[in-house]
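# Inside the fold
Below, each chain spelled out in residue letters.
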Amino acid sequence: MTRAFAITLNALSLYAVALVLAAAFAAQLVLRELPCPLCLLQRLQFAVLAIGPILNVRFGPRPSHYALSLLAAVAGAAFSTRQVLLHIMPGDAGYGTALFGYHYYTWALIGFAAAIVLLAAILLFDRQFEQDTAAEQPAPGAFAASAVWLVIGLTALNVVSTLLECGFGACADNPVVYELLKR
């Protein structure tokens, strides 16, 4: 795998993270379902998962960048597993709306597990880490740069939303109102 192809794959992974963040944010706004604290931790881990690809797009692929994303995916899988186990009892309706029969935290666990497998697989291709001594690292193209800024923008919107929801204290276990917008 060439460095250019690895950067394209990293940009695609950023679009996948952006899709997850946008879907969670849209569900919050359209369905008026405020995320619980564990949901917010999972969103945070998806944003941290994007740091590795952002670094790869900007500075070129490095194993340390992939390792950072791998650690974020493992932490995110732990958070989503915790939430799945909280709602695993028969008769428990779960938290929030289900999508195709699974709640968002179950989809998050599937997403983090897929990220772990994909990150491990991409680390098998050593050629992407070879330095081209003849040329400098080229600037990322519009496709990759757009992916970076999309993830950064969605993360910023989620941070603002979380601040509105939780205020400056601990988030409610079952939030129903935006704390900073209460009258």
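Note: the structure precedes this text.
Report on the accompanying structure. Quick caveat: nothing in here was measured; it's all calculated off a predicted structure.

For the rest of this paragraph, the subject is the packing of aromatic side chains. Scanning all chains against the criterion turns up four aromatic pairs. Seen in terms of ring centroids, Tyr15 and Phe143 are 4.9 Å apart; in terms of plane orientation they differ by 40°. Their pairing is tilted. Linking Tyr15 in helix 1 (residues 3–30) with Phe143 in helix 6 (residues 142–166), this pair joins segments that are 128 residues apart in sequence. Under the relative-accessibility criterion, Tyr15 is labelled partly exposed at 25%. Taking the centre distance of 4.1 Å and the plane angle of 20° together, the rings of Phe46 and Phe112 count as stacked. Of this pair, Phe46 sits in helix 2 (residues 37–49) while Phe112 sits in helix 5 (residues 104–122), and the two are 66 residues apart along the sequence. The same class applies to Phe46 as to Phe112, namely buried.

A few words on the environment of Val57. Looking at the element boundaries, Val57 is found in helix 3 (residues 51–59). Separated by 19 residues in the primary sequence, Val57 and Leu38 have C-alpha atoms spaced 29 Å apart. Beyond its immediate sequence surroundings of up to four residues, Val57 is in contact with Ile7, Asn10, Ala11, Leu14, Pro140, Ala144 and Val148.

Turning to the state of the cysteines, a few remarks are in order. In a disulfide, the sulfur atoms of two cysteines are held together by a covalent bond. Per the counting criterion, the structure on display carries one disulfide. Cys166 shares a disulfide with Cys171; S-S distance 1.8 Å. Judged by the sign of its S-S torsion, about 100°, the bond between Cys166 and Cys171 is right-handed. Its relative accessible area of 7% is what places Cys166 among the buried residues. Judged by relative accessible area, which is 24%, Cys171 ranks as partly exposed.

If you check helix 2, its first and last C-alpha atoms are 18 Å apart, about what 13 residues at 1.5 Å a residue would give, namely 18 Å. Buried residues in helix 2 make contact with helix 1, helix 3, helix 4 (63–86), helix 5 and helix 6.

Another point: the layout of surface pockets. Approximately 1,000 Å³ is the volume attributed to the largest pocket. Together, 43 residues line the largest pocket, and Ala16, Val17, Val20, Phe46 and Gly111 are the ones closest to its centre. For the lining of the largest pocket, the element with the most residues is helix 1, which contributes 13 residues. Computed from the structure, the second largest pocket encloses a volume of approximately 190 Å³. For the second largest pocket, the full set of lining residues is Leu21, Pro37, Leu40, Leu41, Arg43, Leu44, Ala47, Thr155, Asn158, Val159 and Thr162. Among the elements of the structure, helix 2 and helix 6 are those that each provide at least two residues to the lining of the second largest pocket. Tallying contributions element by element places helix 2 first for the lining of the second largest pocket, with six residues. Per-class residue counts for the lining of the second largest pocket are seven nonpolar, three polar and one charged.

Reading guide: rules and limits
- Chains are numbered independently. Their residues run from 1 in the order of the written sequence.
- This being a predicted model, a pLDDT of at least 70 is required before a residue's local features are given, and a value of 80 or more before pairs of side-chain atoms are given or counted; all residues contribute to the totals for chains, interfaces and linings.
- The basis for the side-chain values is all heavy atoms of the structure; hydrogens and waters are excluded.
- Between 30 and 60 degrees the pair is tilted, below 30 it is stacked and above 60 it is edge-to-face, where a pair is any two Phe, Tyr or Trp rings, Trp via its six-membered ring, whose centres lie within 6.5 Å.
- Helical segments are the DSSP runs of H or I of at least four residues, strand segments are the runs of E of at least two, and each set is numbered from the N terminus.
- Between buried and exposed lies partly exposed: a residue is buried under 20% and exposed over 50% of the maximum accessible area for its type, with that area taken using a 1.4 Å probe on protein chains only.
- Contacts between residues were defined by any pair of non-hydrogen atoms, one from each residue, lying within 4.5 Å.
- Note on terminology: pairs of cysteine sulfur atoms within 2.5 Å are recorded as disulfides.
- Helix span, as expected, comes to 1.5 Å for every residue beyond the first.
- The rule is simple: put a 1 Å grid over the protein atoms alone, call a set of points where a 1.4 Å probe fits but cannot get out a cavity, call an open set with protein on both sides within 12 Å along at least five of seven lines a pocket, and count a residue as lining if it has an atom within 4 Å of a point.
- Grid points are joined across faces, edges and corners, and a volume is the space filled by probe spheres set on the points.
- Only Asp, Glu, Lys and Arg are considered charged, only Ala, Val, Leu, Ile, Met, Phe, Trp, Tyr, Cys and Pro nonpolar, and every remaining residue, Gly among them, polar.

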